[in-house]
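Letter by letter, the chains look like this.
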Amino acid sequence: MIKIHTLGYPRIGLQRELKFALERHWRGETSEAQLEDVAAELRARHWQQQRDAGLDFVTVGDFAFYDHVANHIQLFGCEPARFGFDGGESPLARYFTLARGVANEHAEEACCGGKHGGKPALEMTKWFDTNYHYLVPEFDASTRFALASERLLTEVNQAQALGHKTKAVLVGPLTFLWLGKSKQDGFDRLDLLDTLLPAYVQLLVQLKAAGVEWVQIDEPILGLDLPGAWLLAFERAYHTLATAGLPLLLATYFSPLEGQLSIACKLPVAGLHVDGVRAAHELQSVADWLPDNKVLSVGIVDGRNIWRTDLDRALACLKPLAERRRGELWIAPSCSLLHVPLSLREDAAIDVELRSWLAGAREKLDELRILRNALVEGEGSVYLELCASRAAVDARATSPRVRNRAVQERVTHLAADADRRPSPFAVRQAAQAERFQLPLYPTTTIGSFPQTTAIRAARAAFKRGELAHADYEAAMRAEIEQAVREQELLDIDVLVHGEAERNDMVEYFGEQLDGFAFSANGWVQSYGSRCVKPPVLFGDVARPAAMTVAWTAYAQGLTPRPVKGMLTGPVTILQWSFVRDDQPRQDTALQIALAIRDEVCDLEAAGIGIIQIDEPAIREGLPLRRALWRDYLGWAARAFRISASGIADTTQLHTHMCYSEFNDILPEIAAMDADVITIETSRSDMELLRGFGEFAYPNGIGPGVYDIHSPRVPSVDDIARLMRKAAEVIPAANLWVNPDCGLKTRAWPETRAALRNMVEAAKVLRSETLQGKAA
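Every value quoted in this text rests on a predicted model; they were computed, and no experiment measured them. Think of each chain on its own: its residues are numbered from 1, step by step along the sequence as written. Whole-chain, interface and lining totals are the exception, using all residues; otherwise, since this is a predicted model, local features are given only for residues with pLDDT of at least 70 and side-chain atom pairs are given and counted only at 80 or more. In computing side-chain values, all of the structure's heavy atoms are included and hydrogens and water are not.

Draft legend 1. The overall build of the protein, seen in detail. What the protein contains, in helices and strands, is 28 helices and 22 strands. Only the C-alpha atoms count toward the radius of gyration. The rule for a globule is 2.2 Å times the residue count to the power 0.38. Relative to the globule expectation of 28 Å for 775 residues, the C-alpha radius of gyration of the protein, 26 Å, shows essentially globular dimensions. Its C-alpha atoms put the protein at 80 × 65 × 50 Å along the principal axes. The buried share of the protein, taken over its 775 residues, is 60%. Residue contacts follow a heavy-atom distance rule, with two residues in contact if any of their heavy atoms lie within 4.5 Å. Contacts spanning at least 24 positions in sequence make up 79% of the contacts within the protein whose residues lie at least 6 apart. Carbon and sulfur atoms make up 52% of the accessible area of the protein, which amounts to about 28,300 Å² in all. All tallies of charge rest on Lys and Arg as positive and Asp and Glu as negative; His and the ends of each chain are not included. Here the site of a charge means NZ on Lys, CZ on Arg, CG on Asp, or CD on Glu. Across the protein, 84 positive and 102 negative side-chain charges occur, with their mean positions spaced 1 Å apart. The numbering of helices and of strands both runs from the N terminus, where a helix is a DSSP run of H or I of at least 4 residues and a strand a run of E of at least 2. Burial classes follow relative accessibility: with a 1.4 Å probe on protein chains only, a residue under 20% of its type's maximum area counts as buried, one over 50% as exposed, and anything between as partly exposed. With residues, only the protein chains shown are counted as cover, and all accessible areas are computed by Shrake-Rupley using a 1.4 Å probe.

Draft legend 2. A look at the state of the cysteines. Cysteine sulfur atoms are paired as a disulfide whenever they come within 2.5 Å of each other. In the structure shown here, the tally under the stated rule is zero disulfides. Of all cysteine sulfurs in the structure, the one in C317 sits closest to C265, which takes part in no disulfide; the separation is 15 Å.

Draft legend 3. Looking closely at unusual backbone geometry. Even without being glycine, E499 reaches a positive phi, approximately 60°. Along the chain, E499 turns up in the loop between α19 (469-490) and α20 (507-510). For E499, a relative accessible area of 12% puts it in the buried group. We note that D673 has phi near 65°; this positive angle belongs to a residue other than glycine. Locating D673 in the fold gives a position in the loop between α25 (666-671) and β21 (676-679). Judged by its relative accessible area of 24%, D673 is partly exposed.

Draft legend 4. Examining the pairing of strand β16 (residues 536-542) more closely. The buried fraction of β16 amounts to seven of the seven residues, a majority that puts the element mostly inside the structure. Each pair of strands is called paired provided DSSP finds at least two bridges between the two strands. With three bridges joining them, strand β13 (residues 514-517) and β16 adopt antiparallel strand pairing. From the neighbouring strand, A517 faces β16, where its bridge partner is V536. Relative to strand β18 (residues 578-579), β16 is paired through two bridges, and the arrangement is parallel. If you follow L537 over to β18, its bridge partner there is V579.

Draft legend 5. Summary view of the packing of aromatic side chains. To pair, rings of Phe, Tyr and Trp, with the six-membered ring standing in for Trp, must have centres within 6.5 Å; the planes then decide the type, stacked if under 30 degrees apart, edge-to-face if over 60, and tilted in the middle. As enumerated under the stated definition, the model contains 24 aromatic pairs in all. Judged by centre distance (5.3 Å) and plane angle (85°), the rings of F63 and F65 are edge-to-face. The burial state of F63 is the same as that of F65; both residues are buried. When the centroid spacing of 6.2 Å and the interplanar angle of 10° are considered together, the rings of F234 and Y238 count as stacked. Of this pair, F234 and Y238 both sit in helix α9 (residues 228-241), separated by four residues, roughly a single helical turn. We note that F234, like Y238, is buried. Site record: aromatic cluster; members linked through ring pairs are W26, F63, F65, Y66, Y95, F96 and Y527.

Draft legend 6. Here's a closer look at the packing of helix α16 (residues 405-412) against helix α23 (residues 585-605). It is at 10 Å that the axes of α16 and α23 come closest, and there the two elements cross at 90°. The angle between the axes of α16 and α23 places the two elements in the roughly perpendicular class. Counted together, V407, R410 and V411 of α16 and L590, Q591, L594 and D598 of α23 form the full contact between these two elements. For this classification, Asp, Glu, Lys and Arg are treated as charged, while Ala, Val, Leu, Ile, Met, Phe, Trp, Tyr, Cys and Pro are nonpolar and the rest, including Gly, are polar. Here the contact of α16 with α23 is built from residues that sort into four nonpolar, one polar and two charged. Throughout, an axis means a line fitted to C-alpha atoms (over the contacting stretch in the case of helices), and angles, computed between N-to-C directions, take values from 0 to 180 degrees. Put simply, angles under 35 degrees are roughly parallel, angles over 145 are roughly antiparallel, angles from 65 to 115 are roughly perpendicular, and the rest are oblique.

Draft legend 7. Region of interest: the sheet that holds strand β17 (residues 564-568). Reading across from one edge, β17-β19-β20-β21-β22 is the order of the five strands in this open sheet, with parallel pairing throughout. Two strands lie at the open edges of the sheet, namely β17 and β22 (700-703), each paired on one side alone. The sheet shows a mean angle of 20° between the axes of neighbouring strands, direction not considered. Here strand β20 (residues 652-657) pairs with β21 via four bridges, running parallel. Within β21, the residue paired with T655 across the bridge is I677.

Draft legend 8. Broad picture of the pattern of salt bridges. The term salt bridge refers to a pairing of a side-chain nitrogen on Lys or Arg with a carboxyl oxygen on Asp or Glu at a separation within 4 Å. Counting across every chain of the model gives 55 salt bridges. Of the charged contacts, one joins E36 and R151 as a salt bridge, the two residues approaching to 2.7 Å between their closest N and O atoms. Pair noted here: E36 is in helix α2 (residues 32-52) and R151 is in helix α6 (residues 151-161), with a separation of 115 residues, a long-range link. According to the relative accessible area criterion, E36 is partly exposed, its value standing at 23%. Given the relative accessible area of 24%, R151 is considered partly exposed. Residues joined by salt bridges that share partners form a network here, namely R403, D540, R580 and D582.

Draft legend 9. Here's a closer look at the pairing of strand β10 (residues 271-275). Of all five residues making up β10, five are buried, and the element is well covered by its neighbours. Here β10 shows a buried face lined by G271, H273 and D275 and a second buried face lined by L272 and V274. Alignment of strand β9 (residues 248-251) against β10, held across three bridges, turns out to be parallel. Bridge pairing links L250 to L272 in β10. For crossovers, right-handed means that the path from the first strand over the helix to the second runs clockwise, given strands pointing away from the viewer. Note that the unit made of β9, helix α10 (residues 261-266) and β10 has a crossover that is right-handed. Bridge count between β10 and strand β11 (residues 295-301): five bridges; the pairing is parallel. When the sheet's bridge partners are listed, V274 is paired in β11 with V298. Since β10 and β11 lie parallel, the crossover through helix α11 (residues 283-289) that links them has a hand, and here it is right-handed.

Draft legend 10. How the structure looks around the sheet that holds strand β6 (residues 166-171). Pairing in this open sheet of eight strands is parallel, and the strands run β1-β12-β11-β10-β9-β8-β6-β2 from one edge to the other. Two strands bound the open sheet, and with one partner strand each, they are β1 (2-4) and β2 (58-60). Between one strand axis and the next, the sheet turns through 25° on average, direction left out of account. Sitting on the sheet, helix α8 (residues 193-209) is in contact with β6, β8 (214-218) and β9, with an inclination near 170° to β6. The sheet strands contacting helix α12 (residues 311-324) are β1, β11 and β12 (329-333), and the helix crosses β11 at an angle near 170°.

Structure below.
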């Protein structure tokens, strides 16, 4: 028997209905009940799409208002005690507090430098090697687990009331613990497994009683290099879960199983899902090891990218499995379809030819149906669909739009030293100090300032053709001038132009580079209400003209203070695009690097003395298996250096990275050789910075001093305390003071208040340093 299913489905809606509903609720414009109504409608619509595509189950439990790991924190009753919940809050209010923190108790006082710091949100980091973020669970020896949320069962009941057969999905207990963080020195979070498992068993028993037929239990950490104790814990954990008597489909994805293959096949579960896209070479071994009484679920449709499936190639992979296995074969996407747009079938922003090469989530469900019908009823039953697939694959492979001879020749003739600055950092640092004359603990921001309603309205009107180009540029220049004047009033040392003209840090550049295309509704969720519309990187990359020079030069002309040029780096553009899969990723990264290099050189020629190339995705792109790290880090760091190395010693090069653990790749981070790196550290209370100190990171560093994803305004004391911790591990002469990330999503009142406190904290630190020297 062959069945089809999906591991998860997009949540936000084709028109980002969930995003707008969340933001209305957070502004206090709608009630919890109204927000729940929107969520219920979206779930019903998406389940019906799964049923209409012929799936044997709809997937329940993949919906989240913020992220699915946060759902599990609340589901298993392990909300951190530091939030001080007293039971009087609604579950949804507590949930959003975990995600967004608690604002200052006295907002007016905070705006004037008050000391009420509120409660920071849970730390947020990337979900494996994706651009999806999750909230990090906090564990210590006092953590206890108990079922504390009815939300999953409520959603099951909703799906069943609509007549759907249901497959519930959970993050597995070992992955849940692994993704968390110990908040107690010396505490091993694996010690919590035996107290967590009874809550899982209780939930499984309830799901069985509710009529759920299968539970998909996700353990993607089986694709990592796990310590021995964690591997040994799998057998114990799943023997315990088996006592609930509910069929479990153990799901792995994103990486080959390698040494964990036999363990996964032997666990006491009813089925195993494996990633047939990233681990196609293991499929035959899994089929050989997995007992015939267990379901084999093959993720044959790429859940991470938008290219149409080569159905002939997929069938060539599936046919031997279907012929040899006596057990059930299920077909699915490689992972949750959360990572792709809901649909691209009718996206008018993409031309017809290119659109024929693409598939969103709904189209991928159709591909599953075609594959099952071809296997069960014969290829003749889907002859026309297979012909359409072949035509699309052939058209893409032969299209002249994909290759650019000039780009390929430039790459071929690239000089061997194209990735090296003229002098070492110490020489550059002295030259830059003489040029800029910045104070100790110089202050700056990461790049963007609030994208106000007026900015968004002007951009939308311009795109609709309702605002003339000259009027649009005038509006953006006015916004840039406001951002410059605000920073001058705040007494920030190194300014930015605020990026009013930019829609997104990758989309903005992709729109001006050859080789990219854009959808109208190709949105994917990054976290909460934050949605991104990744470019479609389909061909060779080139820069026809300067992209940022005019805006940055305009801002620099408004002030004597240095204004940073702001660019997105090659690895981040690569990682945050739907990247072509017809050539090695490192080749595409090199093409992007050369385009960014041209922009860097043009900024320098225009008199811009400080240039920031953001690479927040450098850690995210790291392969999940350590054996592959060296190769990736080698070409990624080289691509960055190529983008940054065409400038003089007196031009200061910054980079920014966020939501990443860097301690295990610090030599490679140092090898990028940026003059200043800014990183996200506030949610970890500067914990991430300690590794930089132990490594003796040689260049300048700006540890983020407040979390921009929370409405909380940090006090002067909060920021000064964090910077004193930073100065314990990094020489003060190398420290900068800045927020964690860009301020695009914040409002101006809280932005002014936070930055005012940040600047004041820097002045406090300078005074303390001078007093210390005098003593």
